[in-house]
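Below, each chain spelled out in residue letters.
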Amino acid sequence: MASIKDAFEESLQDEHALMMYIIFAIPLFLCSKFLLEGDKTVYFIGTALFTAILYIGFCLKCTSNVRSSSNVVLPSFNIFPLLWNGIRGIIVLAPLIIVAYTLEYFIAGFLSNMITNPTTLQVFIAITTGLCNSIVYTGYILFARRFRATDVYDFKTISTYCVDILIAVIFMKLQMILVNLIIAGPITYLIWIFFGIPHPVATFFWCIIAVFNLAIMGHYMAQIDYEVIGEKETV
């Protein structure tokens, strides 16, 4: 079974792991800084775009490293391959995302016309949203394996395993909430006592935690791939 403990520990064991989290937190910190300064909207948009591409590439590389049984989880400090992987990931996954959420939109509209009870409607819409999200999660996993665009549109694999992957991702999210409460909660409390909140120290710490979360998610998604798809492919 996929282990958040393994993802947590192994994401810290790479050489210079802490330094990488600190350095890769800088773009997100700048985004938050520019967002709060109304006269720097252009800087925020540019930095946010750069950060999003970088972080997508970062998470994909973490998944790829773990799935390929590499002796490291984290990528190198060279950001250019990460930016390239991030751009490729966006281009390749964008059509799948558009299809998934367009499907969700039309199904939600159809359900709204069919179901009059608000509670029942929300339950069915939540299920629909989860299933559509599962298509995207599965596409991400398939792309992170070999960074091949054709893998993403293996609809047979997507339809076969997307529900299992959705369940695994839900468990991942619940476990990550708990991990963040345990790790970030006490340190945030100490920062609040000594510096107060909001404070740049607190913001930068949260940015570091965000990057660390990306590494954990990347690691965990590789575990999901191996256990849900990988093992069944060998049967």
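For the structure itself, look to the data block above.
Summary of the structure given here. All of these numbers come straight from a predicted model, not from anything done at the bench.

Judged by nonpolar contacts, the single largest core of 56 residues is most densely connected at Tyr21, Phe58, Leu74, Ile165, Met221 and Ile224. Mapped by element, the contributors of at least two residues to this core are α1 (4-13), α2 (17-36), α3 (41-67), α4 (79-114), α5 (118-146), α7 (155-194) and α8 (200-233). Element by element, the count of residues in this core is highest for α8, at 12 residues. Grouped together as the second largest cluster of nonpolar side chains are five residues, Ala184, Ile191, Ala202 and Phe205 included.

A few words on the packing of α2 against α3. Contact geometry of α2 with α3 gives a least axis separation of 8 Å together with a crossing angle of 150°. Taken as axis vectors, α2 and α3 run roughly antiparallel relative to one another. The chirality of how α2 crosses α3 is left-handed. Across the interface between the two elements, Met20, Tyr21, Phe24, Ala25, Pro27, Leu28, Leu30, Cys31, Phe34 and Leu35 of α2 pack against Tyr43, Phe44, Thr47, Ala48, Phe50, Thr51, Leu54, Tyr55 and Phe58 of α3.

Glancing now at the environment of Phe44. Of note, Phe44 is situated in helix α3. Under the relative-accessibility criterion, Phe44 is labelled partly exposed at 24%. In this structure, the C-alpha to C-alpha distance between Phe44 and Tyr153, residues 109 residues apart in sequence, is 34 Å. If near-sequence neighbours (up to four positions away) are discounted, Phe44 is found in contact with Cys31, Phe34 and Leu35.

Rules of the game
Residues numbered from 1 in each chain as written. Predicted model: local features only at pLDDT ≥ 70, side-chain atom pairs only at ≥ 80, totals over all residues. Heavy atoms only, no water. Core = buried A, V, L, I, M, F, W, Y, C linked by side-chain atoms within 4.5 Å. Buried < 20%, exposed > 50% of the residue type's maximum accessible area, 1.4 Å probe, protein only. Helix = DSSP H or I, 4+ residues; strand = E, 2+ residues; numbered from the N terminus. Axes fitted to C-alpha atoms, helices over the stretch in contact; angles between N-to-C directions. Parallel < 35°, antiparallel > 145°, perpendicular 65-115°, else oblique. Left-handed = near helix turned anticlockwise from the far one by under 90°. Contact = heavy atoms within 4.5 Å.

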